[in-house]
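Single-letter residue listing:
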Amino acid sequence: MKTINNRLVGTQDFDVVIWITVSKDLNIERTQLAIGSKLGLRSSTYVLMLDDLWEEIILDDVGIPKPNKENKCKIVLSTRFLQVSNAMDADMQFKVKTLGSDKAWNLFHEKAGEVVLWPDIQALAVEVVKECDGLPLAIITVGRAMRGKERKEVWLDALRALKELAVLEIEGMEPKVFRSLKLSYDCLEEDNIKLYFLYCALYPEDYVIDEFLLSERKYYAKWSFRRSYPWMIVESQVDAIFQGYSVCKLEFQEELSMDDS
């Protein structure tokens, strides 16, 4: 979607290019606001890109006209489910293929670094990539988790985890992706980062986690739980969450938000 958006922006094909991540928890009002802020009240030719669609959207409910030959507008959508594409009356459907072995290895090498070429690591790294099954998200997640891991035993443990971890059936998620995310979490070396990750999971998908709001909740959390738990435990756990935020903010230098992956 990002590639399509970048190619269309600035061209003369459409007056407006609108790219919206819809995600699992469809919010009609939020979708309307996002479209309205780009489209405005003017009559324009547009291409509307609906990313990560989990269910059918009734265009009339959102308040946008259906594309046709007369208005010269287009809708592009991405979804994990064929039935959603069918329900949206898609004229053309394309299945995104998984990566071939060479591309998968190159992507993993890029994310994990030169350690994957070490003689005692490379064979294990190749097996780890195979377990990712050509899925870009799994490859990127595991690659980043294993970056800088120089001990052979760590790679053996990672490979074992990817092969043996029992996985609950989660709608819309490949088991191998779940295993890669679990491995990524387990590889977090600092407890405060793990606590912050779990805390973020309480937020809605695509919710931008604001530093000011987090500071405010830090204060209220300490006072809310002090009657039920020892004060030192509450204070240390809440402080650890905030420290985790600070580390992540410093690392990525951008707004932090939740993603369903």
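Our structure's up above, just so we're on the same page.
The structure contained in this document is the topic of the report that follows. It should be emphasised that the depicted structure is a prediction, and the values quoted were computed from it without experimental measurement.

**Some words on the packing of aromatic side chains**
In step 1: Tallied over the entire structure, the rule returns 3 aromatic pairs.
In step 2: Between tryptophan 105 and phenylalanine 108, the aromatic rings sit 6.4 Å apart at their centres with planes inclined by 35 degrees, giving tilted as the arrangement. In this pair, tryptophan 105 and phenylalanine 108 are both assigned in helix H5 (residues 101-112), 3 residues apart and thus about one turn of the helix distant.
In step 3: The class for tryptophan 105 is buried, based on a relative accessible area of 18%.
In step 4: Residue class for phenylalanine 108 comes out buried when judged on its relative accessible area of 0%.
In step 5: Ring geometry for phenylalanine 108 versus tryptophan 155: centroids 6.1 Å apart, planes at 75 degrees, classification edge-to-face. Residue phenylalanine 108 is found in helix H5, and its partner tryptophan 155 is found in helix H8 (residues 152-164); the two are separated by 47 residues along the sequence. By the burial criterion, phenylalanine 108 is buried, and tryptophan 155 matches it.
In step 6: Aromatic ring contacts, followed pair by pair, group Trp105, Phe108 and Trp155 into a single cluster.

**Overview of the nonpolar core**
In step 1: In terms of nonpolar packing, the biggest core is built from 26 residues, with Phe108, Val116, Val128, Val142 and Trp155 touching the most fellow members.
In step 2: Contributing elements (two or more residues each) for this core: H5, helix H6 (122-131), helix H7 (136-146), H8 and helix H9 (175-186).
In step 3: Discounting chain neighbours no more than four positions away, the residues touching valine 142 are Phe108, Val128, Cys132, Leu162, Ser180 and Leu183.
In step 4: With 19 residues, the next largest nonpolar core counts Leu48, Val62, Cys73 and Val84 among its residues.

**Some points on the pattern of salt bridges**
In step 1: Enumeration over the complete set of coordinates arrives at 5 salt bridges.
In step 2: Among the ionic pairs, aspartate 52 bridges to arginine 80, the shortest N-O distance being 3.2 Å. Placement of aspartate 52 in strand E2 (residues 46-53) and of arginine 80 in the loop between strand E3 (74-79) and helix H4 (82-87) is noted, with a sequence separation of 28 residues between them.
In step 3: Given the relative accessible area of 33%, arginine 80 is considered partly exposed.
In step 4: Note that lysine 130 and glutamate 127 form a salt bridge whose closest N and O atoms lie 3.4 Å from each other. With lysine 130 and glutamate 127 both in helix H6 and 3 residues apart, this pair spans about one turn of that helix.

Thresholds, definitions, all that
- Residues numbered from 1 in each chain as written.
- Predicted model: local features only at pLDDT ≥ 70, side-chain atom pairs only at ≥ 80, totals over all residues.
- Heavy atoms only, no water.
- Phe/Tyr/Trp six-rings, centres within 6.5 Å; stacked < 30°, edge-to-face > 60°.
- Helix = DSSP H or I, 4+ residues; strand = E, 2+ residues; numbered from the N terminus.
- Buried < 20%, exposed > 50% of the residue type's maximum accessible area, 1.4 Å probe, protein only.
- Core = buried A, V, L, I, M, F, W, Y, C linked by side-chain atoms within 4.5 Å.
- Contact = heavy atoms within 4.5 Å.
- Salt bridge = Lys/Arg side-chain N within 4 Å of Asp/Glu carboxyl O.

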